[in-house]
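Here is how the chains run, residue by residue.
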Amino acid sequence: MITAATATTLRRVAATNTKRTLATSSEPLVKTALYDLHKELGGDMVPFAGYELPVLYKGENGGVMKEHLWCRSDGKAALFDVSHMGQIRWHGEDRTKFLEKIVVGDIAGLGEGEGRLSLVTNEKGGILDDTVITNAGDHVYMVVNGATKFGDMKHFEAQMADFDGDVTMEYLEDTMQLLAVQGPGAAEAIKKLLPSDFDLVNMPFMTGTDTTLAGVEGCRITRCGYTGEDGFEIAMPEAAAISIASQLLEDPAVNPTGLGARDSLRLEAGLCLYGNDLDETTTPIEGVLGWTMGGPGSRRRVEAGFLGAEHILTPEGKFQKVARKRVGIMGMKAPARQHAEIFDATGEQKIGEVTSGTFSPSLKKPIAMGYVETKSAKAGTDVMIKVRNKMQPAQVTKMPFVESRYYRVPE
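Residues numbered from 1 in each chain as written. Predicted model: local features only at pLDDT ≥ 70, side-chain atom pairs only at ≥ 80, totals over all residues. Heavy atoms only, no water.

Q: Looking at this structure, how should I read the side chain of Lys 149?
A: You can see Lys 149 is positioned in helix 5 (residues 149–161). Buried and unpaired, Lys 149 has Asp 174 as its nearest opposite-charge partner, separated by 4.5 Å. For Lys 149, the side chain forms a polar contact with the side chain of Tyr 171, separated by 3.2 Å. Discounting residues that sit within four places of it in the chain, Lys 149 has contacts with Tyr 51, His 84, Met 85, Gly 86, Val 144 and Tyr 171. (Helix = DSSP H or I, 4+ residues; strand = E, 2+ residues; numbered from the N terminus. Buried < 20%, exposed > 50% of the residue type's maximum accessible area, 1.4 Å probe, protein only. Lys, Arg positive; Asp, Glu negative; His and termini not counted. Salt bridge = Lys/Arg side-chain N within 4 Å of Asp/Glu carboxyl O. Polar contact = N/O pair within 3.5 Å; in protein donor to acceptor, adjacent residues only side chain to side chain. Contact = heavy atoms within 4.5 Å.)

Structure follows, in structure tokens:
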């Protein structure tokens, strides 16, 4: 049973994690097209990445705990407003060549409609952002994090200035809004808005296409997400966002969901939050994201050619050895928050630091992610974590904490 005290703790941890990406400038916060709808639905609005977004909703099915568990429940779906994310279209004959200089992944190998997670790196091999990139046919569609999008684009422009080729960047600004529908019931909810001949059954995870939604032209759907569940991100013109969101919410299986549950869901799924678990001083190998470059002998690992590759790969395309690695941690009695110190089993030697932590609504126990010395990164390694100045025994564990249920096309 989830007690009232536990629910309060989860809300506090989620709110703390959310505030790490709050706007720090004095500029006014941007409101998404759904702002009035959020308020009408009881959204508890907070500043996040320069926008005003709901951390949770007040009501019968509201609150971080209920919103989280709804997203994991059979036949249910969670609706998130992620319009703060940066949507970019890349044009020009050399767009793929350029993108392979600024991200680590195999973009040339993407078939039309195929997408993949990749990483934007700097000259030292550090991660500037994580991004989903899709081959949209006559252009490449990229989604970057809201808190980093302007810095990303400044970086892209600097790299374009040194690039001898045909490439242009089109930032969609807030003219296109972005919603995420996540959970076991996401496909049933979304198909009501799609054309009758749209084949969701044979739409693989990490693919996307242009389409109409509720008869609205100029929309896009991508089967992806940030929860470990099946789900979709749907982009639509700003003027249609409230209508499309309202139609989704007419389905009793769809529940509006805030940033708090989004954070606890992604942590259960072992997914990184940029600014917490990844930053420009962290390499893909330290972040255990080397797979985004492909397997041993793959083209990108052999050819490299992206910024900072010499700090990530050996000349043979193998991963360079690193002093620390990202791990999962469980076993502590209280949630360990960001910057909580991790010690060896004796509690005498500091070996790392927590980057994200929360109470897992699904497992009903605390979970955390962080970095430890490589020699201590093996699952099963006993550690001690300092929580509120008290040492708590814990263990390094594999991630995800909750088994992922990404969609697979039936054979």
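Q: I tried to follow the sheet that holds strand 8 (residues 140–144) on my own but got confused; where do I start?
A: Strand pairing in a sheet takes place through backbone hydrogen bonds and is either antiparallel or parallel in direction. Read from one edge of the open sheet, 5 strands run 6-7-8-5-9, paired in antiparallel fashion. Both outer strands of the open sheet, strand 6 (115–121) and strand 9 (168–171), are each paired with one neighbouring strand and no more. Recorded for the sheet is a direction-independent mean angle of 30 degrees between the axes of neighbouring strands. Where strand 6 and strand 7 (residues 127–135) come together, 7 bridges link them in antiparallel fashion. Directly across from Arg 116, in strand 7, lies its bridge partner Ile 133. Where helix 4 (residues 95–102) meets the sheet, it contacts strand 5 (86–91), strand 6 and strand 8, and its direction lies at approximately 130 degrees from that of strand 5. (Pairing = 2+ DSSP bridges. Axes fitted to C-alpha atoms, helices over the stretch in contact; angles between N-to-C directions.)

Q: Looking at this model, I keep getting lost on the packing of helix 3 (residues 64–72) against helix 8 (residues 259–268). Mind explaining?
A: Interaxial distance between helix 3 and helix 8 falls to 8 Å at its minimum, and their mutual angle equals 50 degrees. Looking at the two axes, helix 3 sits oblique to helix 8. Between helix 3 and helix 8 lies a crossing whose hand is right-handed. Residues Val 64, Glu 67, His 68, Cys 71 and Arg 72 of helix 3 touch helix 8, and the partners they reach there are Gly 260, Ala 261, Ser 264, Leu 265 and Glu 268. Across the contact of helix 3 with helix 8, the residue classes break down as 4 nonpolar, 3 polar and 3 charged. (Parallel < 35°, antiparallel > 145°, perpendicular 65-115°, else oblique. Left-handed = near helix turned anticlockwise from the far one by under 90°. Nonpolar A, V, L, I, M, F, W, Y, C, P; charged D, E, K, R; others polar.)

Q: Looking at this structure, I do not really get empty space enclosed by the protein. What am I missing?
A: If a probe the size of a water molecule is rolled over the atoms, the empty space left behind becomes visible. Per the counting criterion, the structure on display carries 5 cavities of 30 Å³ or more. Roughly 70 Å³ of volume is contained in the second largest cavity. Lining of the second largest cavity is provided by Leu 34, Leu 37, His 38, Leu 41, Tyr 57, Leu 79, Phe 80, Asp 81, Leu 179, Ala 245, Leu 249 and Pro 256. Looking at the lining of the second largest cavity, the elements with two or more residues in it are helix 2 (35–40), strand 4 (77–81) and helix 7 (241–249). Sorting elements by how many residues they give to the lining of the second largest cavity places strand 4 first, with 3 residues. (1 Å grid on protein atoms, 1.4 Å probe; cavity = no way out; pocket = protein on both sides within 12 Å on 5 of 7 lines; lining within 4 Å. Points joined across faces, edges and corners; volume = space filled by probe spheres on them.)

Q: What's the story with the sheet that holds strand 19 (residues 382–387) in this structure? I'm lost.
A: If you walk around this closed barrel you meet the 6 strands as 15-18-17-16-19-20, and the pairing is antiparallel. Averaged over all pairs of adjacent strands, the angle between their axes in this sheet comes to 40 degrees, without regard to strand direction. The sheet contact formed by strand 17 (residues 350–360) and strand 18 (residues 365–373) spans 8 bridges and is antiparallel. Note that in strand 18 the partner of Thr 358 across the bridge is Ile 367. The strands that helix 8 touches are strand 17 and strand 18; relative to strand 17, the one it contacts most, it runs at about 125 degrees.

Q: Would you explain the packing of aromatic side chains in this entry?
A: Given two aromatic rings, their pairing is described by the distance between the two centres and the angle made by the two planes. Applying the stated criterion across every chain yields a total of 5 aromatic pairs. When the ring of Trp 90 is compared with that of Phe 156, the centres are 5.5 Å apart and the planes differ by 70 degrees; the resulting orientation is edge-to-face. Placement of Trp 90 in strand 5 and of Phe 156 in helix 5 is noted, with a sequence separation of 66 residues between them. Feature note: the residues Trp 90, Phe 98, Phe 156 and Phe 163 constitute an aromatic cluster, connected by ring pairs. When the ring centre of Trp 70 is taken as reference, the NZ or CZ atom of Lys 76 above it lies at 4.4 Å. Against the face of Tyr 407 rests Arg 223, its NZ or CZ located 3.6 Å from the ring centre. (Phe/Tyr/Trp six-rings, centres within 6.5 Å; stacked < 30°, edge-to-face > 60°. Lys NZ or Arg CZ within 6 Å of the ring centre and 35° of its normal.)

Q: How should the pairing of strand 11 (residues 208–213) be read in this particular structure?
A: Each regular strand carries side chains that alternate between the two faces of the sheet. As paired strands, strand 11 and strand 12 (residues 216–222) are joined by 5 bridges and run antiparallel to one another. Among the inter-strand pairings, Thr 209 is bridged to a residue of strand 12, identified as Ile 221.

Q: Even after reading the chapter, I still don't get the nonpolar core, so can you show me in this structure?
A: In summary, soluble globular proteins display a tendency toward joint burial of nonpolar side chains. Val 181, Ile 190, Phe 232, Ile 234, Ile 244 and Leu 248 are the most contacted members of the largest nonpolar core, which has 26 residues in total. Every element with two or more residues in this core is listed here: strand 4, strand 10 (176–182), helix 6 (186–191), strand 12, strand 13 (231–237) and helix 7. Setting aside chain neighbours within four positions, we find Val 181 in contact with Ala 77, Ala 78, Leu 79, Ala 186, Ile 190, Asp 230, Gly 231, Phe 232, Ile 234 and Leu 248. Core analysis: the second largest hydrophobic core is formed by 20 residues, Val 104, Leu 267, Cys 272 and Ala 304 among them. (Core = buried A, V, L, I, M, F, W, Y, C linked by side-chain atoms within 4.5 Å.)

By themselves, these observations are geometric and do not establish any function.
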